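Structure at a glance
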Amino acid sequence: MSIVGMATKIMLTREEIFAIQESERNARLQAILDSDAPKKIIVAGAGTGKTYTFERLLKLMPKGNNLVLTFINKLKDDMHSKLGEMSKVQTFHEFSIGRLRSLKYELSIYPKIYTIIESDSDNRISGISEHFQKLDWDEGQLNYCLARMNYYKTHGFDDALYLLLENIRLGKVRFKEYDIILIDEFQDFNALEVALIKELEKHGNIVIVGDDEQALYDFRNASPVFLREFYQRENFEKFSLPFCSRCPDVIVKSLKDVVSVAESNGYLNGHIPREYECFSKDKEVENKRYPHIKHIRLVESWTIPQFIKNQIEKIPKDDIEDSRKVGDPYPTVLILGPKHYLQLIKSKLNESGMAVKYQQSTTSKKVKLCEGYEIIILEEDSNIGWRIVAEACMSRKKVLKLVPLMNNGTRVIDILPKEFVEAHRKAIEVIKDYDFESGCKTELYDKLFPILMKTRSNSICDFCFPELEEEEEEEETEIDIEKPEIILSSVMKSKGLQAGFVFLVGANNGELPIDPKNIKDNEICQFIVALTRAKKECYIVSNTISMVMNTVTNKPFEYNASEFVSWIDAKRIKVLNNRDIWF
């Protein structure tokens, strides 16, 4: 039972409850600060003060050789602003690539190098990134991939980590001793990264922080199993941060409901037990004003944008001001869900004069002509630059004929047809002289098209008209502190974010979860992460009729509300149907 639950039974006043919670929170933090254990592991749920704990630990040795590692850029930036004067703060990839470069490695990074190598192998090798992340290579395939990277003098992020690990094991890399090493978001590390952490922990006092209820990144072969294994290690002293200062009490209790039902249904095996409760003193206003999670049950998906617009217009002025206050601003509204919902919502809000930021995925593996040009502008005979151009503009058949000739001692530029190379050189000269700030993209297209007409001309579209490939980047808008800040994002990209009001759209069986009869732990974690982004109020939005067509029946899919909503105690949910909302 939580402290608040026990205190309520014995009829304590609110001030006494606040005092008990504050005393316990301080004691938990002090236990971490007082511990002389060289290895510590902290289980810390959403909003429980990880960054503050890091800050207090670093203040014990502010001039020391300290290191903070995470792998999410957003979290790195936030931590650097608070901890950067006391420690080096880096993403895991930044740290590893920096170590390799200190060994005089020629380490040019092109994230899509694996797409090129898979193409070189005529797709006999696939899933290169996955093999590195899992450390499960066939030796012959590994040697082929490393040889191709050496030929191109180019690496991706995962093989760079692998090279660092191999150099450590060969004794070629020696870490200096650190006073303290702080590792964040450990539940989202994969086998390769964990292997590097095991090497790093030999070189200083280490504190590992994670939460297996927020494990999202199985798409990059991360697993909460590693956090759970470290938690079981006898040489790690165990701690927890149980008090949430971000979310209202209803969300904290709803999370506990979800975890309880999940475990009773056989999910989240090995889940690390922990205490988690709302820090009442910090959330007293929100607990009174927003006592329920709202479950919105609409019929047609196309009504969702209008509903969200209406709700944003109803946000109290003091809540907007609170989100915009100097020194501690946060987004007023965060809208989470699948892309097909977010695009419609964005259009509706823009039509209504609301400025929004849309955080989109940038994980496309497609090789683009402009990427090759950018490399060639810096190094005119670059093997990887010209190989990218070939991949973007030549037929598959022609590329496969040329690949066997691309080996040490030969340059890609010398293997390609001369007229092909000359056409692209002319195009590059046009681009180098073009003013992208003030020029007209149609004019650039008109100049490039006749030069490249003998190549696949649509490849120039990613230079002239990138919006044909993906959404345009959001323009910087002037901040109006009297209006809400609105961010749209997938759940996956929402780590490191929090907002006053959170809308989770697409909360349907068939979307989240995809199959209610075969629920994945990752989907449970997505639901938990979505709920715990909210500082004030959370809306779970379900719809009966989909905007996605069933190609068999030629009718829209029909949905039931997400199974996860039923896992929350009904007294914490306020259900609003079509009739409640529109009439």
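Residues numbered from 1 in each chain as written. Predicted model: local features only at pLDDT ≥ 70, side-chain atom pairs only at ≥ 80, totals over all residues. Heavy atoms only, no water.

1. Some thoughts on unusual backbone geometry
Trans is the prevailing form of peptide bonds, just as negative phi is the prevailing case for residues other than glycine. The omega angle of the peptide bond from Leu 512 to Pro 513 is 5 degrees, so this bond is cis rather than trans. If you trace the backbone, Pro 513 turns up in the loop between strand S15 (499-505) and helix H24 (521-531). Although it is not a glycine, Lys 153 sits at a positive phi angle of roughly 50 degrees. Structurally, Lys 153 can be placed in the loop between helix H8 (139-152) and strand S5 (154-155). (Helix = DSSP H or I, 4+ residues; strand = E, 2+ residues; numbered from the N terminus.)

2. A closer look at helix H14 (residues 304-313)
Within H14, 7 of the 10 residues are buried, leaving the element largely enclosed by the surrounding structure. For H14, the full list of buried residues reads Ile 304, Pro 305, Phe 307, Ile 308, Lys 309, Gln 311 and Ile 312. (Buried < 20%, exposed > 50% of the residue type's maximum accessible area, 1.4 Å probe, protein only.)

3. Concerning the side chain of Asn 509
Along the polypeptide, Asn 509 turns up in the loop between S15 and H24. Judged by its relative accessible area of 16%, Asn 509 is buried. Among the polar contacts made by the side chain of Asn 509, one reaches the main-chain amide nitrogen of Glu 563 at a distance of 2.8 Å. Discounting chain neighbours no more than four positions away, the residues touching Asn 509 are Pro 516, Tyr 559, Asn 560, Ala 561, Ser 562 and Glu 563. (Polar contact = N/O pair within 3.5 Å; in protein donor to acceptor, adjacent residues only side chain to side chain. Contact = heavy atoms within 4.5 Å.)

4. Quick look at the nonpolar core
Residues Phe 186, Ile 208 and Ile 524 are the most contacted members of the largest nonpolar core, which totals 128 residues. Non-local contacts of Ile 208, meaning those with residues more than four positions away in its chain, are made with Lys 40, Ile 41, Ile 42, Ile 183, Phe 186, Ile 197, Leu 227, Phe 230 and Phe 236. Counting 27 residues, the second largest nonpolar core, distinct from the first, contains Ile 308, Ile 335, Ile 345 and Leu 349. (Core = buried A, V, L, I, M, F, W, Y, C linked by side-chain atoms within 4.5 Å.)

5. Section: the sheet that holds strand S2 (residues 66-70)
Pairing between sheet strands relies on hydrogen bonds along the backbone, with the strands arranged either parallel or antiparallel. Here we have 6 strands laid out as an open sheet, ordered S3-S2-S6-S7-S1-S8, and parallel in their pairing. Of all strands in the sheet, those with a lone pairing partner are strand S3 (88-91) and strand S8 (237-241), marking the two edges. For this sheet, the mean inter-axis angle between neighbouring strands, taken without regard to orientation, is 20 degrees. When S2 meets S3, the two strands line up parallel, connected through 4 bridges. When the bridges of S3 are listed, Thr 70 appears paired with Thr 91. Lying on the sheet, helix H4 (residues 73-83) is in contact with S2 and S3; it crosses S3 at an angle near 175 degrees. (Pairing = 2+ DSSP bridges. Axes fitted to C-alpha atoms, helices over the stretch in contact; angles between N-to-C directions.)

6. Observations concerning the confidence of the model for the protein
Within the protein, residue pLDDT values average 89, and 91% of them lie at 70 or more. Counted against residues more than four places away or in other chains, residues 467-477, with its pLDDT under 50, gives 15 contacts. (pLDDT = per-residue confidence, 0-100.)

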